[in-house]
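A closer look at the structure
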Amino acid sequence: MKYSNRWFQFIKERFDPLSYSVMIFVFIGAHYAVYLNFLKQGVISNFVHLPYLIPLILAVFLFFFKLRLFDEIKDIESDAVYHPERPLPRGILRKDDIVRAVFIIIALELLLFSLYGLQALASAVITIGYSLVMYKEFFSKKWLRAHLTVYAVTHTFVVIFLSTAIFSALLNKPLTNLSLDLLYFSFGGWFLFNIFEFGRKTFARQEEKEGVNSYSKIFGRFGAVLLVLTMAILSIVFINNVTTSAVDSSLLFLWFGVTAVTGFLYAILDRPHLAKIYRFITSLYIIFTYGTIIILQFY
């Protein structure tokens, strides 16, 4: 197999272009919608034309792809045992291939953010720096891996840095000068990504694998659902600080209700097909929330 085809196969299996593209576009789009709200409030910025979003979209896309590569490297040993069907255990790509790609991506990220000025570049350096510490698993690999929830929230925390870096690029301001409302919005994004993380590792009893940890094992099915619903409520509260209209529309509460119903059905009945539906709903939560903000801004 040609080297380029190996990468295409890896991307197809581990970084689905369609699902990630949708998520990244709504993620960027929601930030742009919030940015436009700030312009309406008289905030001065040189960033006006939509085409200037292209480098930022590419940078964010590369950032999420890099995180995927980090996970592949970190999970090589466990994947060889529990997921031998994945690309690296199968030998489609080697660890050295992934590491080289990471260095190239970091260089591109810095270049793309630098197009928005020194403030954006500085924010990008902080964001990339945090992602590298994540890659090293905060130099506490053994302890972190024994505490799945702490592992998750410390890793999804990078979304806050990425979100503020986007605002820094759009507004040409340092992180320290961003409005408190924007920081609330960024923290709301952290809770949204926690929903995805907690939801995707929640299973029916028949689906659980020996030696593989999950939130349904740690907290029980009801506890795992309540953990997700807590994150959902926090996301609404924090996002409400800057996008009141999105919450007043009741659309976010409607999606919260759907998640709660499917979650409790899964928890009560303990059926694999209900667990799959619940995981699907939680995986869409990010897209629905950010999509709602975009729709209400432009329509």
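Below or above, wherever it landed, is the structure these notes cover. Note on numbering: residues in each chain are counted from 1, in written sequence order. Two thresholds apply to this predicted model, a pLDDT of at least 70 for residue-level local features and 80 or more for giving and counting side-chain atom pairs, whereas whole-chain, interface and lining totals are computed over all residues. Remark: hydrogens and water are excluded; side-chain values derive from all non-hydrogen atoms of the structure.

1. Observations concerning the side chain of Thr 202
Position of Thr 202 relative to the elements: it lies in the loop between helix 11 (180-200) and helix 12 (215-239). Thr 202 has contacts with Tyr 215, Ser 216, Ala 224, Tyr 266, Tyr 278 and Arg 279, leaving out every residue within four places of it along the chain. Numbered from the N terminus, helices here are DSSP runs of H or I no shorter than four residues, and strands are runs of E no shorter than two. Contacts were defined at the residue level, with two residues in contact if any of their heavy atoms lie within 4.5 Å.

2. Thoughts on the packing of aromatic side chains
Under the pairing criterion, centres of Phe, Tyr and Trp rings, with the six-membered ring standing for Trp, must be within 6.5 Å; the plane angle then separates stacked pairs below 30 degrees from edge-to-face pairs above 60, leaving the rest tilted. Enumeration according to the criterion identifies 30 aromatic pairs in this entry. Taking 6.5 Å as the distance between ring centres and 70 degrees as the angle between the ring planes, the aromatic pair formed by Phe 10 and Phe 65 counts as edge-to-face. Pair noted here: Phe 10 is in helix 1 (residues 3-14) and Phe 65 is in helix 3 (residues 53-74), with a separation of 55 residues, a long-range link. Ring centres of Phe 15 and Phe 65 lie 5.0 Å apart, and the angle between their planes is 65 degrees; this geometry places the pair in the edge-to-face category.

3. Let's talk about the environment of Arg 68
Positionally, Arg 68 belongs in helix 3. Per-residue accessibility, obtained with a 1.4 Å probe over protein chains only, is compared with the maximum for each type, and a residue is labelled buried under 20%, exposed over 50%, and partly exposed between these values. A residue is classified by how much of its surface remains accessible, and Arg 68, at 14% relative accessible area, is buried. For the pair Arg 68 and Phe 15, spaced 53 residues apart in the sequence, the C-alpha separation amounts to 7.2 Å. Beyond its immediate sequence surroundings of up to four residues, Arg 68 is in contact with Arg 14, Phe 15 and Tyr 20.

4. Things to note about the layout of surface pockets
We place a 1 Å grid over just the protein atoms. Points where a 1.4 Å probe fits but has no way out form a cavity, open points with protein on both sides within 12 Å along at least 5 of 7 lines form a pocket, and any residue with an atom within 4 Å of a point lines it. Grid points are joined across faces, edges and corners, and a volume is the space filled by probe spheres set on the points. Reported here for the largest pocket is a volume of approximately 1900 Å³. Arg 68, Asp 71, Glu 197, Arg 200 and Lys 201 are, among the 47 residues lining the largest pocket, the residues nearest its centre. Any residue outside Ala, Val, Leu, Ile, Met, Phe, Trp, Tyr, Cys, Pro, Asp, Glu, Lys and Arg is labelled polar, Gly included; the first ten of those are nonpolar and the last four are charged. Its residues placed into classes, the lining of the largest pocket shows 22 nonpolar, 8 polar and 17 charged.

5. Some details on the nonpolar core
Buried residues of nine kinds, namely Ala, Val, Leu, Ile, Met, Phe, Trp, Tyr and Cys, make up a nonpolar core once their side-chain atoms join them within 4.5 Å. Core analysis: the biggest nonpolar cluster contains 93 residues, and Phe 27, Leu 56, Phe 64, Leu 69, Ile 98, Phe 185 and Tyr 290 have the highest contact counts within it. The element contributing the most residues to this core is helix 3, with 13 residues.

6. Some remarks on the packing of helix 1 against helix 6 (residues 95-114)
Running from amino to carboxyl end, helix 1 crosses helix 6 at an angle of 85 degrees, the nearest separation of the two axes being 13 Å. Judged by the inter-axis angle, helix 1 sits roughly perpendicular to helix 6. Note on element contacts: helix 6 touches helix 1 through Asp 97, Ile 98, Arg 100 and Ala 101, opposite Tyr 3, Trp 7 and Phe 10. Tallied by class, residues from the contact of helix 1 with helix 6 come to 5 nonpolar, no polar and 2 charged. Interaxial angle, 0 to 180 degrees, is taken between N-to-C directions of lines fitted to C-alpha atoms, where a helix line uses only the stretch in contact. Throughout this description, any angle smaller than 35 degrees is read as roughly parallel, any larger than 145 degrees as roughly antiparallel, any in the 65 to 115 degree range as roughly perpendicular, and the remainder as oblique.

7. Digging into the pattern of salt bridges
Definition used for salt bridges: Asp or Glu carboxyl oxygen within 4 Å of a side-chain nitrogen of Lys or Arg. What the rule picks out here adds up to 16 salt bridges. Across the salt bridge formed by Glu 72 and Arg 14, the nearest N and O atoms sit 2.8 Å from each other. Of this pair, Glu 72 sits in helix 3 while Arg 14 sits in helix 1, and the two are 58 residues apart along the sequence. Exposure remark for Arg 14: the relative accessible area of 16% places this residue in the buried category. Across the pair Asp 75 and Arg 145 runs a salt bridge, and its minimum N-O distance is 3.4 Å. Of the two residues, Asp 75 is situated in the loop between helix 3 and helix 4 (76-82) and Arg 145 in helix 8 (residues 141-145); the sequence distance between them amounts to 70 residues. Three or more residues joined by partner-sharing salt bridges are found here, namely Arg 14, Arg 68, Asp 71, Glu 72 and Lys 74.

8. Structural notes on a nonpolar patch on the surface
Among the surface-exposed residues, Phe 222, Val 261, Leu 265, Ile 268 and Leu 269 lie close enough to one another that they form a single nonpolar patch of about 450 Å² accessible area. Examining the composition of the nonpolar patch, we find that 4 residues originate from one element, helix 14 (residues 251-269), more than from any other. Relative to the elements of secondary structure, Val 261 occurs in helix 14. Surface patches are drawn from residues lacking salt bridges whose relative accessible area is over 30%; two like charges belong together within 9 Å, two nonpolar side chains (Val, Leu, Ile, Met, Phe, Trp, Tyr) within 5 Å. Accessible surface area values rest on a Shrake-Rupley calculation with a 1.4 Å probe, where residue burial reflects the displayed protein chains alone.

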